[in-house]
Amino acid sequence: MCRLIRIYLKSEKVKGSEYFPNALLFHSQNFIKAGEREAARCDTWAQLVERGCMEGDIISPENTFSFSKNIEPIQLRPQEVNLKLKPGLPCTFKLDFQRVEGYPVDLYYLMDLSYSMEDDLRSIKTLGNELFNALQGITKKGQIGFGSFVDKTVLPFTNTNPEKLNKPCAETEKYCQPAFGYRHVLSMTENKAEFESEVNKQRISGNLDSPEGTLDAIMQAAVCGDRIGWRNSSTRLIVLTTDDGFHMAGDGKLAGILEPNDERCYMDNNLYSKSNEMDYPSVGQVANQLEKNNIQPIFAVTKNMEQVYRELSKMIPKSEVGVLSADSHNVVELIKNAYNRLSSKVTVTHDALPDNVRVTYTPLCPEGGTSRDKGVCNNVGVSFNVTVTADECMDSVMSFLIGPLGMKDKLKVNLSTHCKCECNDIVMVDHQNCNGKGRVNCGMCSCNAGFVGQMCECSIGEKDESSLRAACRKDNGTDCEGRGDCVCGICQCYTLPGGSTYYGTHCECENESCEKFQNKLCGGNGKCRCKNCECNPGYEGTACQCKKSDEQCRTLSGSVCSGRGTCQCNQCKCIEGYQRPYCLTCPACHSPCITKGKCIECWGFQTGPFSKNCSQACASINKFKMVEMLPPGKPCDVRDVENCRVFFTIEQLDGEDNYTAQILKTRECPKLPNIYAIIGGSIIGVTVIGILILLLIKGLFYMKDLKEYRKFMSDAQKTRWSEVSDICLHIKNITLSMAELHSSGLHYTTWGALFIKHSCKI
C-alpha cells in the first residue's frame, strides 16, 4: 500500500486556497497573528501542535491508490492503476509477473548470405525440421519467418560492375544470387513445409568488405511489423546468424550516403528499397526500435565475432549471444539455450515519464536490488515493488507504461496530484471573521466582489484591484517585495523570526541583514538601518569595522591620499587609475607632457589656441616659472604654432588636475632659408638646362646634315665613274680599231696606250 512520509515546507507562500503539499496545513481561523505570513499555516505536524492548533484542524491528505484493470490470466498483474499523490510523498505498490505456459512465440530467422556463409546455408537447409521441433518444444503456438541480408550495393561495400552485381560470388560458384541489402523471404508461418521450401530456394551472394549491413536488416525486421507478421500478443525473437561484424551510422558517408536513417519501413517487393539512399542506423536507434516493438534478439555468431556481439548485447536490453560452430549445425541448440536464458530473466522498466516524476523498482527476489530505471529477477514468477514519486503539482492526469522488456503486456499508470485544500468547512456566507464581506475557506477569507484584504477589510469601490496592487509594487516587481501583504494599496509588512519587522513603503527595508564583522552585526560599532550600517562616532567601514584615522593616508606634504582619493579604514581608496598607497601615480593616465603642451605655450609665450583665454582654459597649471636652464633629467617638449620646440618640466600637485611647471625661456626654432641663393640657383639651373637643350638640338641637326652630305657625295661619285666608264668603252673600241690597223702595219700613239692602261685598267 502507499506509505505516508511527512516532510518540511519548501514553498515561500501559501496563496488563496492552494495547498502546498510538502507540509501539513492548519486551517483554524485566527491562527495567523499580526505580521505573520500566510505560509505560517504550513508546517510539520509536531510544530503545528506545539503552536497550539488542534489535531482536528490539521489537513494532511494521504496518497490514494486504486485498480482500474486486474485480469488474472494475463502474465502481468495489475494492468492499470490510478494514483493520486501528494507531491514529494512516495507511493509504493506491488507488480506481479507470471509467465503463462504455452505463450505464443514468433521467431524470425535473419541470415547473413555473404559468400563466407556458404556452408552455414547448407546446414540451415537441412535443419528446418529440427528448428520447428525446437519451437514446438517451447510453445505449441510458435511461428517462424525467414529473412536474409548482405550489404548496400554501392562502392566501396559492393563491386558495382554490372557483371559483378549480377554474380558477386567466385567464378567457380554455380549458384549465386545478385547482390542485395536486405530481403524479407518468408512471413511468420506455422507451416513447416513452406519454411523448408523457401529456405531451400536461397542462394549465397557476396560483397567487397568484411562488415555487413546487419543493422539495416535488424531495423527493417523490427519496424516492418505487418510484412514480417509479428503477432500482437507473442514473445518476439530475432535469431541473427553471421560470421562478420556490422556497419553502423556514419559508414554510409564512405559511399556518399548522407541522409540519416529515419527508423521507418521501406519494403518494395520484399526488398529494402532505401538501402542505397539512407545511412546505416546507429546502435541506439536499433536498441530503441527493438525495445519499442518488444523484440528480443539472439546473436548466433562465429567464435571470432563473439566478443564484438557481446559488446553489442550490452547496449541492447534483453539480448543474448551464442557461438555458432563452423557450419552452424548447432544453431538449434543455441536458440534453445538463448531462449531459456531470456525467458528466465525478467527486466521491468518504464517508457517516457511525465516531468518531475520518479519511478524506482525493488525486485522481490534474492538477487534483486533497488534500481532507479529498472528491476531484474532471474525467476519465471516474480514480483516487484514499484515506487512512484511526483515532485511537483500536475495540472491534469498523466499516464505512462510499466512492463517487462520484450513483452507486450504493460501496466498503465494514471497519475494525478493532491494540490488543493480539502477542507470540510461549513459554508457560511458573510462570515464574521471576514467582516461580513466573505466566507471562510480552510481558515482564510474568500472575499466577496469589491472587497480585498486578509479579513476583507478593504473596499476597493470603483477601483480596479490590479491598480491597488500596482501601488504595492516597486519597479513592477512582486507585491511588497514578497515581504508583506498588499491591503488597499498599502503594504502590511511581515514580522521577521527575530521579532523585528520589515518596513518601508514596499517592505524593502529590514534591520537584520547588514554586513557583519567578527560575527557581529555592523561589527558591534553601529546600527543596522535598512540593510546599511550607520556607524557610531569614531568608526567607519561597511561593517563599522574600522576606527576613524588617516595616519596611514597622509603624504610627506601632509595631504590625505594626495587629494586623489579618500581614506577608508586608514587606507587610501584612490580614484580610478591612481595607485596606492598614496595615490601618487597613474600609469594608465595620459602624460601631462602631451595633455598640457598647449597650456605651456599659452602661459610661456602667449601663443597657441588658448592665447586669448589662457587663465580660464589653463587653470590647471596654477603656477609656472620661466627659467634659463631646466633641472637635470629629460624634459618635456612640444612644438608651438611657429614650429618651434618648447622645453619644460611639469609636476602634479595635490589634487586631480593641479600642476606646476618650469618653462625654458629659449625656444629651438628652425633657421629661415636663403631666398637669394634659392632664386640665383634656380636661374642658373634654368640657363644651364636651356644651353644643354640647345646644344643637343644643334648636335642632332649637325648629324642629320652630315648624313645628307655623305649621301650627296656618294651619289656624285657614282655619276663620275659612270662617265669614265663610257669614255673607257669608247677608247677601248678605238684601241681595237687601231690594233686592227697595227696588224695591217699602222701604229697608235704612246699617250693613248698609257691612258688606256692607267685610266681604264686595260
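Check the entry above for the structure.
Residues numbered from 1 in each chain as written. Predicted model: local features only at pLDDT ≥ 70, side-chain atom pairs only at ≥ 80, totals over all residues. Heavy atoms only, no water.

Undergrad: Lay out the overall build of the chain in plain terms, naming residues and giving numbers.
TA: Within the chain one finds 16 helices and 39 strands. By residue count, 41% of the 762 residues in the chain fall in the buried class. When contacts within the chain are restricted to residue pairs at least 6 apart in sequence, long-range pairs at least 24 apart make up 60% of them. A total of about 42300 Å² of accessible surface is found on the chain, and carbon and sulfur atoms cover 53% of it. (Helix = DSSP H or I, 4+ residues; strand = E, 2+ residues; numbered from the N terminus. Buried < 20%, exposed > 50% of the residue type's maximum accessible area, 1.4 Å probe, protein only. Contact = heavy atoms within 4.5 Å. Areas by Shrake-Rupley, 256 points an atom, 1.4 Å probe, with all protein chains shown as cover.)

Undergrad: Quick rundown of the state of the cysteines? Include the residues and the values.
TA: Taken as a whole, this structure holds 21 disulfides when the rule is applied. The disulfide partner of cysteine 434 is cysteine 445, and the S-S distance across this bridge is 2.1 Å. Sign of the S-S torsion, about -100° for the bond between cysteine 434 and cysteine 445, identifies this disulfide as left-handed. In this pair, cysteine 434 is assigned in the loop between strand E21 (411-417) and strand E22 (438-441) and cysteine 445 in strand E23 (residues 444-447), connecting sequence segments 11 residues apart. Taking the relative accessible area as the measure of exposure, cysteine 445 reaches 22% and is therefore partly exposed. The disulfide that involves cysteine 522 links it to cysteine 533, with 2.1 Å between the sulfurs. Taking the torsion about the sulfur-sulfur bond, which here is approximately -90°, the covalent link between cysteine 522 and cysteine 533 counts as left-handed. On the criterion of sequence distance, the pair formed by cysteine 522 in the loop between strand E29 (520-521) and strand E30 (526-529) and cysteine 533 in strand E31 (residues 532-535) is long-range, its members being 11 residues apart. Residues cysteine 522 and cysteine 533 agree in their burial class; the two are buried. (Disulfide = S-S within 2.5 Å.)

Undergrad: Could you give an account of the packing of helix H3 (residues 128-138) against helix H5 (residues 192-200), with specific residues and numbers?
TA: Two measures define how a pair of helices packs: the angle their axes make with one another and the distance between the axes. Look at H3 against H5: their axes get within 9 Å of each other, and the N-to-C directions meet at 140°. Looking at the two axes, H3 sits oblique to H5. Classified by chirality, the crossing of H5 by H3 is right-handed. Only Lys192, Phe195 and Glu196 of H5 make contact with H3, whose side of the interface consists of Gly128, Asn129, Leu131, Phe132 and Asn133. (Axes fitted to C-alpha atoms, helices over the stretch in contact; angles between N-to-C directions. Parallel < 35°, antiparallel > 145°, perpendicular 65-115°, else oblique. Left-handed = near helix turned anticlockwise from the far one by under 90°.)

Undergrad: Any chance you could break down the packing of helix H6 (residues 214-223) against helix H8 (residues 283-292) for me, citing the residues and the numbers?
TA: Running from N to C, H6 and H8 point in directions that differ by 25°, and their axes come no closer than 9 Å. The orientation of H6 relative to H8 falls into the category roughly parallel. H8 is crossed by H6, and the crossing has left-handed handedness. Here Leu215, Ile218, Met219, Ala222 and Val223 of H6 lie close against H8, whose contacting residues are Val283, Gln285, Val286, Gln289 and Leu290.

Undergrad: Could you give an account of the pairing of strand E15 (residues 320-323), naming the residues involved and the relevant values?
TA: Sheet topology note: the strand E14 (residues 295-301)/E15 ladder contains four bridges and is parallel. Looking across to E15, one finds that isoleucine 298 is bridged to glutamate 320. For the crossover that starts at E14, traverses helix H9 (residues 306-315) and ends in the parallel E15, the hand is right-handed. (Pairing = 2+ DSSP bridges. Right-handed = clockwise from strand over helix to strand, strands pointing away.)

Undergrad: Quick rundown of unusual backbone geometry? Include the residues and the values.
TA: The omega angle of the peptide bond from leucine 155 to proline 156 is 5°, so this bond is cis rather than trans. As for its position among the elements, proline 156 is in the loop between strand E9 (142-149) and helix H4 (162-166). A cis amide bond links arginine 580 to the next residue, proline 581, at an omega of 15°. Here proline 581 lies in the loop between strand E35 (571-574) and helix H12 (592-595). Despite not being glycine, cysteine 522 has its phi angle at roughly 55°, a positive value. Of the residues examined, cysteine 522 reaches a relative accessible area of 1% and is grouped as buried. At cysteine 544, a position not held by glycine, the phi torsion is positive, near 55°. Turning to its location among the elements, cysteine 544 is positioned in the loop between strand E32 (539-540) and strand E33 (546-547). Under the relative-accessibility criterion, cysteine 544 is labelled buried at 0%.

Undergrad: Pulling in residues and values, what's your account of helix H2 (residues 118-126)?
TA: Looking only at H2, the buried set comprises Asp120, Leu121, Ser123 and Ile124. One side of H2 holds all its buried residues, which, seen down the axis, span an arc of 160°. Its buried side turned inward, H2 meets strand E8 (105-112), H3, H5 and helix H10 (331-344). (Arc of directions from axis to C-beta.)

Undergrad: Run through a nonpolar patch on the surface, naming residues and quoting values.
TA: Together, Ile684, Val688, Ile691, Leu692 and Leu695 make up a nonpolar patch on the protein surface, roughly 490 Å² of accessible area in all. Tracing the backbone shows valine 688 in helix H15 (residues 675-743). (Patch = residues over 30% accessible without salt bridge, like charges linked within 9 Å, V, L, I, M, F, W, Y side chains within 5 Å. Salt bridge = Lys/Arg side-chain N within 4 Å of Asp/Glu carboxyl O.)

Undergrad: Quick rundown of the packing of aromatic side chains? Include the residues and the values.
TA: Counting across every chain of the model gives eight aromatic pairs. Here phenylalanine 146 and phenylalanine 195 contribute two aromatic rings whose centre-to-centre distance is 6.3 Å and whose plane-to-plane angle is 75°, an arrangement assigned as edge-to-face. Separated by 49 residues along the polypeptide, phenylalanine 146 in strand E9 and phenylalanine 195 in helix H5 bring together distant segments of the chain. Its relative accessible area of 0% is what places phenylalanine 195 among the buried residues. Considering the side-chain rings of tryptophan 603 and phenylalanine 624, the 5.3 Å spacing of their centres and the 35° angle between planes classify their relative orientation as tilted. One end of the pair, tryptophan 603, is in helix H13 (residues 597-605); the other, phenylalanine 624, is in strand E36 (residues 621-627), with 21 residues separating them in the sequence. Each member of the aromatic cluster is reached from another via a ring pair, and the members are Tyr109, Phe132, Phe146 and Phe195. (Phe/Tyr/Trp six-rings, centres within 6.5 Å; stacked < 30°, edge-to-face > 60°.)

Undergrad: Describe the nonpolar core, listing the residues and the values that go with them.
TA: One finds Leu107, Tyr109, Met111, Phe146, Phe195 and Val331 to be the most contacted residues of the largest nonpolar core, which totals 36 residues. Tallying contributions element by element places H10 first for this core, with seven residues. Core analysis: the second largest hydrophobic core is formed by 34 residues, Phe149, Cys224, Ala287 and Phe299 among them. (Core = buried A, V, L, I, M, F, W, Y, C linked by side-chain atoms within 4.5 Å.)

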